[in-house]
Amino acid sequence: RIELERHQAELQALQLQINPHFLYNTLETINCYAIVQDSDEITEIVDAMAYMLRYAISANLEEVTIVNELNHVRNFLIILKHRTGKEINFDAVISPSLLLQHTVKLTLQPIVENAFQHAFKDGLEEHHWIRVDGCVEGDQLHIIVEDNGVGMTEEQLKRVNEQLVHSAYQVKQSTDHVLHRGGIGLINVHRRIQMVFGDAYGLRVESELSVGTKVIMVMPNLNRRSAKENTNRQKDSPLPGN
């Protein structure tokens, strides 16, 4: 826990060192050159990068919604499309009723990025896809990132889920590339969800070799909790005229 608090302090220190106005102005300068050169591609990349930067260093680390996270993913995919030169088959089929549910910032995009890094080892082909869905199960909200990539063996899957379960004090110790390779590892996402909502929540992985993988974000269904709290308050309140 001390190690996690140290990581938080380091992150806050890095954020304080960034002058967002300087970075935004720099991106705007690049954008002006792009306009002069009549380059729609550069303009699109810069706009996407500016949004991702603004979102990443903004306040309210916990007070974001699923639609905010999806918009962050959309800008990530714009940049990825230009980097790879390929259209990304990405589909967000999550119900509109869930889009305003609250979540933890910068959790969805790292999972999508992780899928690109590990699911399609031989390169992105036309038949490949990544899909984001969601559902409510009782008091829990599940956000599912699914791909049709290489998948994992039963042994690999077991190891990944065991490391997630025992990750509380092992954020830096684990070296499993599925959990750590890339910008923000899955264990990082898992622990940040737990730090906000509690140890009962976090990530769960399902996978089948040569079929694909699902990474499931398990969080509390805050809408249901709020509805219950309102109902209880109404029950406890005196009736009019009493």
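Residues numbered from 1 in each chain as written. Predicted model: local features only at pLDDT ≥ 70, side-chain atom pairs only at ≥ 80, totals over all residues. Heavy atoms only, no water.

### With respect to the overall build of the protein chain
Here comes step 1: Secondary structure assignment for the protein chain yields 9 helices and 7 strands.
Here comes step 2: Residue burial in the protein chain is summarised as follows: out of 242 residues, 39% are buried.
Here comes step 3: Considering only intrachain contacts with a sequence separation of at least 6, the fraction spanning at least 24 residues in the protein chain is 67%.
Here comes step 4: Carbon and sulfur atoms form 53% of the exposed surface of the protein chain, whose accessible area is close to 14,300 Å². (Helix = DSSP H or I, 4+ residues; strand = E, 2+ residues; numbered from the N terminus. Buried < 20%, exposed > 50% of the residue type's maximum accessible area, 1.4 Å probe, protein only. Contact = heavy atoms within 4.5 Å. Areas by Shrake-Rupley, 256 points an atom, 1.4 Å probe, with all protein chains shown as cover.)

### Section: the packing of aromatic side chains
Here comes step 1: Counted by the stated rule, this structure contains 3 aromatic pairs.
Here comes step 2: Here tyrosine 51 and tyrosine 55 contribute two aromatic rings whose centre-to-centre distance is 6.0 Å and whose plane-to-plane angle is 10°, an arrangement assigned as stacked. With tyrosine 51 and tyrosine 55 both in helix α3 (residues 40–57) and 4 residues apart, this pair spans about one turn of that helix.
Here comes step 3: On the basis of relative accessible area, tyrosine 55 is assigned to the buried category, the value being 8%.
Here comes step 4: Summarising the aromatic geometry, the rings of phenylalanine 116 and phenylalanine 120 are spaced 6.1 Å apart at their centres and angled 65° between planes, so their arrangement reads as edge-to-face.
Here comes step 5: A relative accessible area of 7% means that phenylalanine 120 is categorised as buried.
Here comes step 6: Between the NZ or CZ atom of lysine 105 and the centre of the ring of tyrosine 55, over which it lies, the distance is 5.7 Å. (Phe/Tyr/Trp six-rings, centres within 6.5 Å; stacked < 30°, edge-to-face > 60°. Lys NZ or Arg CZ within 6 Å of the ring centre and 35° of its normal.)

### Description of the nonpolar core
The nonpolar side chains of a soluble globular protein tend to be buried with one another.
Here comes step 1: Core analysis: the largest hydrophobic core is formed by 44 residues, its most contacted members being Phe116, Ile143 and Leu203.
Here comes step 2: The dominant element in this core, judged by the number of residues it contributes, is helix α4 (residues 66–84), at 8 residues.
Here comes step 3: Leaving out residues up to four positions away in the same chain, leucine 203 has contacts with Ile111, Leu164, Leu186, Val189, His190, Ile193, Val215, Ile216 and Met217.
Here comes step 4: Counting 5 residues, the second-largest nonpolar core is a separate cluster that includes Tyr24, Leu27, Val46 and Ala50. (Core = buried A, V, L, I, M, F, W, Y, C linked by side-chain atoms within 4.5 Å.)

### Some points on the packing of α3 against α4
Here comes step 1: Between α3 and α4, whose axes approach to 9 Å, the crossing angle comes to 145°. Crossing handedness for the pair α3 and α4: left-handed. Facing α3, whose interface residues are Glu41, Glu44, Ile45, Asp47, Ala48, Met49, Tyr51, Met52 and Tyr55, α4 presents Asn68, Glu69, Asn71, His72, Asn75, Phe76, Ile78, Ile79, Lys81 and His82.
Here comes step 2: Of the residues that constitute the contact of α3 with α4, the class distribution is 9 nonpolar, 5 polar and 5 charged. (Axes fitted to C-alpha atoms, helices over the stretch in contact; angles between N-to-C directions. Left-handed = near helix turned anticlockwise from the far one by under 90°. Nonpolar A, V, L, I, M, F, W, Y, C, P; charged D, E, K, R; others polar.)

### Overview of unusual backbone geometry
Here comes step 1: Phi at aspartate 38 takes a positive value of approximately 55°, unusual for a residue other than glycine.
Here comes step 2: Assignment of secondary structure puts aspartate 38 in the loop between α2 (20–36) and α3.
Here comes step 3: For aspartate 38, a relative accessible area of 63% translates into the label exposed.
Here comes step 4: At leucine 106, a residue that is not glycine, the phi angle is positive and equals roughly 60°.
Here comes step 5: You can see leucine 106 is positioned in the loop between β3 (102–103) and α5 (108–118).

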